Amino acid sequence: MEKNGKTAIPGMNYIKRNIGTLGGLLILVIIVSISTPKFLTGSNILNLFKSNSVNAIISCGMLLAILMGEIDISVGSTVGLTGIVGAYLITNAGLPVPVTVVLVLALGALVGLINGIAISYLQVPAFVATLATQCIGRGLTEIISGGVTIRVRNEAYTSLGNSTFGGISVIIIYAAIVLIFTWFLLNRTRFGYYIYALGGNKTAASYSGVDVRKFNMLPYVLIGLYCGLGGLIWSARLGSAAATLGSGFEMDAIAAVVIGGTSMSGGVGTVGGTFIGILIIGVITNGLNLMGINSFWQDVFKGIIIMAAVVLDVFRKSRSQKN
């Protein structure tokens, strides 16, 4: 491919778009490493990846929504609902682990389907639709749990979140699989092409023969499935599930996607950039914890970074339009 008489190097646009984010991550790592020598230890790096694995899975779902120019603020409550249901089915209903896993994932997909139908076919704005399911999910979580923590003593279930392979936590492996699958979906399938097309211009996509309503709905089913997996992993890892499970997860997912260079107006974004965003969020949280700084400051820093990333996106878009 040539532009202005010069041959474009494959991947150069990706590097150019994310160079600032990569630089920010590097600077952040240096600052935290100087502040606390415990940061760069092998055990802490593994813990960093492990503690951010569920966010990585949810962020892949959030990436799909934002790429379409939509949003899903129900992801945290869906994680909480599926986690509570998983713990309840194992502990109170006594169902086998395989059946519980299937039902939990199906529940997550069902929540996503409801969101997708409301947004795509009933024309409910994504923010309103997912706000509604967020409230419903939180209410059901409280009802099912009875306001108390459900303890899980089934080792087969808890092993889903606590097993290791070659010293690597199974949770990290789950996240890696979801990241790779999402990358493949967006970059190697027609489904991924349609998602980018919808985010770029839904009207143009419709004129091109894309079933806009169908392909605006299906990603939400996948988002719900990812959240179901996240809820399953989290409750298995903790060996318990409380009504507060998943609270605030939507903020971390949105932050990771936006920091990773995804445009809030849709059509622009990558899995690689989102992964960098996940690492930035993880380094901030991990670094503040190691330095003993009040956890409330984490939300302050995340909010500032989200604002800066959105402002940068607006500036970059207005600049490209002028050119």
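First things first, this report covers the structure right here in the doc. All figures in this text were calculated on a predicted structure; none of them were measured in a lab.

1. Concerning a nonpolar patch on the surface
Now for step 1: A cluster of nonpolar side chains, namely L110, L113, I114, I117, Y121 and L122, defines an oily patch on the protein surface of about 520 Å² accessible area.
Now for step 2: Here L110 is to be found in helix α5 (residues 97-120).

2. Regarding the packing of aromatic side chains
Now for step 1: Applying the stated criterion across every chain yields a total of four aromatic pairs.
Now for step 2: Centroid distance F191 to F215: 6.0 Å. Interplanar angle 55°. Geometry classified as tilted. Residue F191 is found in helix α9 (residues 190-200), and its partner F215 is found in helix α11 (residues 212-238); the two are separated by 24 residues along the sequence.
Now for step 3: Assessed through its relative accessible area of 18%, F191 is described here as buried.
Now for step 4: Centre to centre, the rings of Y194 and F215 are 4.7 Å apart; their planes meet at 70°, and the pair counts as edge-to-face.

3. Description of the packing of helix α7 (residues 155-162) against α11
Now for step 1: Between α7 and α11, the shortest axis-to-axis distance is 7 Å and the interhelical angle comes to 110°. Of the possible angle classes, the one that applies to α7 and α11 is roughly perpendicular. When α7 is examined against α11, the residues Y157, T158, L160, G161 and N162 are found in contact with a partner set consisting of L232, I233, S235, A236 and R237.

4. Quick notes on the side chain of S53
Now for step 1: Inspection of the secondary structure assignment puts S53 in helix α3 (residues 53-67).
Now for step 2: Judged by its relative accessible area of 2%, S53 is buried.
Now for step 3: A polar side-chain atom of S53 sits 2.7 Å from the main-chain carbonyl oxygen of F49.

5. Examining the pattern of salt bridges
Now for step 1: Tallied over the entire structure, the rule returns one salt bridge.
Now for step 2: Between E70 and K202 there is a salt bridge whose closest N-O contact spans 3.5 Å. Taken as a pair, E70 in the loop between α3 and α4 (75-91) and K202 in helix α10 (residues 202-207) lie far apart in primary sequence, 132 residues in all.
Now for step 3: Given a relative accessible area of 15%, E70 falls into the buried group.

Cut-offs used in this document
- Residues numbered from 1 in each chain as written.
- Predicted model: local features only at pLDDT ≥ 70, side-chain atom pairs only at ≥ 80, totals over all residues.
- Heavy atoms only, no water.
- Patch = residues over 30% accessible without salt bridge, like charges linked within 9 Å, V, L, I, M, F, W, Y side chains within 5 Å.
- Areas by Shrake-Rupley, 256 points an atom, 1.4 Å probe, with all protein chains shown as cover.
- Salt bridge = Lys/Arg side-chain N within 4 Å of Asp/Glu carboxyl O.
- Helix = DSSP H or I, 4+ residues; strand = E, 2+ residues; numbered from the N terminus.
- Phe/Tyr/Trp six-rings, centres within 6.5 Å; stacked < 30°, edge-to-face > 60°.
- Buried < 20%, exposed > 50% of the residue type's maximum accessible area, 1.4 Å probe, protein only.
- Axes fitted to C-alpha atoms, helices over the stretch in contact; angles between N-to-C directions.
- Parallel < 35°, antiparallel > 145°, perpendicular 65-115°, else oblique.
- Contact = heavy atoms within 4.5 Å.
- Polar contact = N/O pair within 3.5 Å; in protein donor to acceptor, adjacent residues only side chain to side chain.

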